[in-house]
Amino acid sequence: DAGVTQSPTHLIKTRGQQVTLRCSPKSGHDTVSWYQQALGQGPQFIFQYYEEEERQRGNFPDRFSGHQFPNYSSELNVNALLLGDSALYLCASSLVVLPRTEAFFGQGTRLTVV
Amino acid sequence: SQKIEQNSEALNIQEGKTATLTCNYTNYSPAYLQWYRQDPGRGPVFLLLIRENEKEKRKERLKVTFDTTLKQSLFHITASQPADSATYLCALDLSGGYNKLIFGAGTRLAVHP
């Protein structure tokens, strides 16, 4: 049973560029959440997708957008990259019909903006 | 303002002792609280979930308590081992169980032989 997989594992981008990160949820899961984790900090909730729609959003600017596909995989897009966007980006999956259970996280994508 | 606070200093303990980690929060009313373990460069791994109407939850050497009056959760690892060395994250679920998680900054635990 494959867990949550994210790609790429590492990425270096230049300030002002755009980036797309990808996530495949754990088999059978239908809900995908994205988090940003700066060095030495806990993960911060960006947004959550279910049924191909953004259901919940954290306190992030519109430069952060996402998409969920019919197979439940998801993309996170960040436009006009800033140096402060450098972080570990984590994807987590869960099953909406099983609330009050844990989220499964991927290994993350390390984004460096130079 | 809303805050989640975990021990900011690293916790160093001797192998075999009990590690106790603290999570305090203000201006939140979570129905669920979760604890995760995170190793360097890896994603968090779920350990325990506790509901607001549960006082205590156990799993093998792990125990978590949840006091909604004090707005505090304590996480205990008994008979600690060097392999328990990691960062431990406290997370509040503000979405009624649908995993919109608000994390603390984590506490780094080092267990010495």
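Residues numbered from 1 in each chain as written. Chains lettered and ligands numbered in written order. Predicted model: local features only at pLDDT ≥ 70, side-chain atom pairs only at ≥ 80, totals over all residues. Heavy atoms only, no water.

K.L.:
Can you explain the confidence of the model for chain B? Please cite residues and give values.
P.N.:
Averaged over chain B, the pLDDT score is 92; the fraction of residues at 70 or greater is 100%. Considering each helix and strand of chain B separately, the mean pLDDT is smallest for strand E1 (residues 3-6) of chain B, with a value of 91, and largest for strand E11 (residues 107-112) of chain B, with 97. (pLDDT = per-residue confidence, 0-100. Helix = DSSP H or I, 4+ residues; strand = E, 2+ residues; numbered from the N terminus.)

K.L.:
Now, about the state of the cysteines: what can you tell me, with residues and values included?
P.N.:
Under the counting rule described, the total for this entry stands at two disulfides over all chains. A sulfur-sulfur distance of 1.8 Å marks the disulfide that ties A:Cys23 to A:Cys91. On the sign convention where negative means left-handed, the S-S torsion of about -55° between A:Cys23 and A:Cys91 marks this disulfide as left-handed. Here A:Cys23, found in strand E3 (residues 19-24), pairs with A:Cys91, found in strand E9 (residues 87-94); they are 68 residues apart in sequence, far enough to count as distant. Each member of the pair, A:Cys23 as well as A:Cys91, carries the same accessibility label: buried. The side chain of B:Cys23 participates in a disulfide bridge whose partner is B:Cys90; the two sulfur atoms lie 2.0 Å from each other. Across the disulfide from B:Cys23 to B:Cys90, rotation about the S-S bond amounts to roughly -55°, and the bridge is consequently left-handed. Placement of the pair is B:Cys23 in strand E3 (residues 19-26) and B:Cys90 in strand E9 (residues 86-93), with a sequence separation of 67 residues. (Disulfide = S-S within 2.5 Å. Buried < 20%, exposed > 50% of the residue type's maximum accessible area, 1.4 Å probe, protein only.)

K.L.:
Give me the pattern of salt bridges: which residues, what numbers.
P.N.:
Counted by the stated rule, this structure contains nine salt bridges over all chains. With a shortest N-O distance of 3.1 Å, A:Arg55 and A:Glu51 are connected by a salt bridge. The residue B:Lys57 makes a salt bridge to B:Glu54 at a minimum N-O spacing of 3.9 Å. In this structure B:Glu54 comes out as partly exposed when scored by relative accessible area, which is 21%. (Salt bridge = Lys/Arg side-chain N within 4 Å of Asp/Glu carboxyl O.)

K.L.:
Summarise the nonpolar core; cite the residues concerned and give the values.
P.N.:
Counting 23 residues, the largest nonpolar core has B:Leu33, B:Trp35, B:Phe75 and B:Tyr88 as the members making the most contacts within it. Looking at this core, the elements that each hand over two or more residues are E3, strand E4 (32-38), strand E5 (45-51), strand E7 (62-67), strand E8 (72-77), E9 and E11 of chain B. Beyond its immediate sequence surroundings of up to four residues, B:Tyr88 is in contact with B:Gln6, B:Leu21, B:Trp35, B:Tyr36, B:Arg37, B:Leu47, B:Phe75, B:Ile77, B:Gly106, B:Thr107 and B:Leu109. Of all hydrophobic cores here, the second largest spans 20 residues; its members include A:Leu21, A:Ile46, A:Phe47 and A:Tyr89. (Core = buried A, V, L, I, M, F, W, Y, C linked by side-chain atoms within 4.5 Å. Contact = heavy atoms within 4.5 Å.)

K.L.:
Describe the interface of chain B and chain A, listing the residues and the values that go with them.
P.N.:
Taken together, the 22 residues of chain B in the interface contact 23 residues of chain A. Counting across the interface, chain B meets chain A through zero salt bridges. Across the chain B-chain A interface, the total number found is four residue pairs in polar contact (both at pLDDT 80 or more). Listing elements by their share of the side of chain B that touches chain A, those giving two or more residues are E4, E5 and strand E10 (101-103) of chain B. Counting residues per element, the side of chain B that touches chain A draws most heavily on E4(B), at four residues. The residue inventory of the side of chain B that touches chain A, partitioned by class, reads 10 nonpolar, nine polar and three charged. (Polar contact = N/O pair within 3.5 Å; in protein donor to acceptor, adjacent residues only side chain to side chain. Nonpolar A, V, L, I, M, F, W, Y, C, P; charged D, E, K, R; others polar.)

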